[in-house]
Each structure stands twice: as structure tokens, then as C-alpha cells.
Amino acid sequence: MARRASAPRRYADAAFEIASRDKAVETWRKELDAAAETSTAGELERVLANPAIPLDQRVAVAEKVFAELSKPVRNLVLLLVRRNRIEQLPRVAAEFRRLDDRHNGLTHATATSAAPLEADEIKAVTARLEELTGGRIDLETAVDPSLLGGIVVRVGDRLIDGSVRGRLERLRNQLASGAL
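Rules and cut-offs
- Residues numbered from 1 in each chain as written.
- Predicted model: local features only at pLDDT ≥ 70, side-chain atom pairs only at ≥ 80, totals over all residues.
- Heavy atoms only, no water.
- Pairing = 2+ DSSP bridges.
- Helix = DSSP H or I, 4+ residues; strand = E, 2+ residues; numbered from the N terminus.
- Axes fitted to C-alpha atoms, helices over the stretch in contact; angles between N-to-C directions.
- Contact = heavy atoms within 4.5 Å.
- Buried < 20%, exposed > 50% of the residue type's maximum accessible area, 1.4 Å probe, protein only.
- Polar contact = N/O pair within 3.5 Å; in protein donor to acceptor, adjacent residues only side chain to side chain.
- Parallel < 35°, antiparallel > 145°, perpendicular 65-115°, else oblique.
- Left-handed = near helix turned anticlockwise from the far one by under 90°.
- Salt bridge = Lys/Arg side-chain N within 4 Å of Asp/Glu carboxyl O.

K.L.:
Outline the sheet that holds strand 2 (residues 136–143), listing residues and values.
P.N.:
A sheet is described by the order of its strands in space; here four strands give the open sequence 2-1-3-4, paired in mixed fashion. Each edge of the open sheet carries a strand with a single partner, namely strand 2 and strand 4 (158–163). On average, adjacent strands in this sheet sit at an angle of 15° to one another, irrespective of strand direction. As judged from the five bridges shared by strand 1 (residues 106–113) and strand 3 (residues 150–155), these two strands associate in the antiparallel manner. Its bridge partner lying in strand 3, Ala 111 is registered against Val 153. Contacting strand 3 and strand 4, helix 8 (residues 164–177) runs over the sheet at an angle of about 90° to strand 4.

K.L.:
Tell me about unusual backbone geometry, and name the residues and values.
P.N.:
Residues other than glycine seldom take positive phi values, yet Lys 23 does so here, at roughly 55°. Along the chain, the position of Lys 23 falls in the loop between helix 1 (2–21) and helix 2 (25–40). A positive phi angle, close to 70°, is found at Leu 148, a residue other than glycine. Tracing the backbone through its elements, the reader meets Leu 148 in the loop between strand 2 and strand 3.

K.L.:
Break down the environment of Arg 46 for me, with residues and values.
P.N.:
Structurally, Arg 46 is set in helix 3 (residues 44–49). Judged by relative accessible area, Arg 46 falls into the exposed class, the value being 57%. For Arg 46 and Ile 86, which are 40 residues apart along the polypeptide, the C-alpha to C-alpha distance reads 9.2 Å. Within the structure, the side chain of Arg 46 is placed 2.5 Å from the side chain of Glu 43, a separation counted as a polar contact.

K.L.:
Which residues make up the packing of helix 2 against helix 6 (residues 89–103), and what values go with them?
P.N.:
Helix 6 packs onto helix 2 with a crossing angle of 155° between their chain directions and a minimal axis gap of 8 Å. Between helix 2 and helix 6, the crossing angle belongs to the class labelled roughly antiparallel. Here the hand of the crossing between helix 2 and helix 6 comes out left-handed. Side by side, helix 2 and helix 6 meet where Val 25, Glu 26, Trp 28, Arg 29, Leu 32, Asp 33, Ala 35, Ala 36, Ser 39 and Thr 40 of the first sit next to Leu 89, Pro 90, Ala 93, Phe 96, Arg 97, Asp 100 and Asp 101 of the second.

K.L.:
Could you give an account of the environment of Glu 63, naming the residues involved and the relevant values?
P.N.:
With respect to the secondary-structure elements, Glu 63 resides in helix 4 (residues 55–65). Glu 63 sits 12 residues away from Asn 75 along the chain, and the two C-alpha atoms are 9.2 Å apart.

K.L.:
Explain the pattern of salt bridges residue by residue, including any values.
P.N.:
Within this structure, the stated rule accounts for 10 salt bridges. Salt-bridge contacts for Asp 100 lead to Arg 29; the nearest nitrogen and oxygen are separated by 2.8 Å. With Asp 100 in helix 6 and Arg 29 in helix 2, this pair connects stretches of sequence that are 71 residues apart. Overall, Asp 100 belongs to the buried group, its relative accessible area being 5%. Taken together, the salt bridges that share partners define one network made up of Arg 9, Glu 95 and Arg 98.

Listed below in C-alpha cells is the structure:
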């Protein structure tokens, strides 16, 4: 199973390497996103992934549907069809975006607060996260009233919990363990 999960990353790594070499990263990114969206629309993904349909027919359908893509991106899509991995195209596109963002020094973060953040608060959180990471931050915001107050920020695999709920839980754990 781990091998299947790492396949989108390997395809995206190879695609990013080719796109970088050809100085066409932005084109690849747009076309992979468009192809991923197209592949999951309607019945197309089930048709392209259906082993009951002969491979040459599935490839012909993919060639027609993805004819507007540049040749290298279309070749990747056709490779996924031939290897019975077309359902992984959205993950390949997402991984490609992640590689491009990392290459450009952009980090995605999510700030969850008990109430909607004001524009100046969003700017302050973004500026502080940029200081911490040393790069640019693309901040998304969410609201979770169960936090009671404060903010929880997720940057990559790091979690910064400054919520009232988190503080109360830590206090409860300290009291339960007798640490106070």
C-alpha cells in the first residue's frame, strides 16, 4: 500500500523536473490542474480506469478528451491511463503544486479561531508566521467556535495551539497528573 501512496509523489517529482528543465512549470501546473478537474468530472475517471474496456480504447478516449493539453502533460496523463493509475491524477497535480510552492518559498498555513479574524489580525498572523518560517505564507482562515477564544495555527506538520480550549486542556492534564 505504501508504494501506491508514493506513486503520485514520484510522478510529480519527475514532472516537476521536466517542467523545470523546459522552463514550463506554470504551464504544467495549470494544465495538470485542468486535467485533474476534467478527469474527475462525470464518468470519465471510471471509463479511463475500467479494466473491462480495452486499453487502446481507454487511451483513445483520453487522447480525445485531453487533446488541448501540451504534449508533455498529455503524455503524463496517458501514462497514468496505461498504468491504471488515472485516479491518482488529482494527487499528482496537488503534489506538483506543493513542489512548485516549495520551490518558490511559499508555505501554506491555516489559522482557526473562535470568531472570524479581522484583516489587520490576518496580516499580523501572516507576518509572524513569515518571521518564524523565513518564507512567504499563504494563510487560510477558518472559524471553530469550540475553541472558545484564541487561535490554532497549522503550518505544514507543525501545530501552534494558542486557543483557550487548548490552554484549559493543558491545565486539566497538569492537575490530573499532580504537576501543579
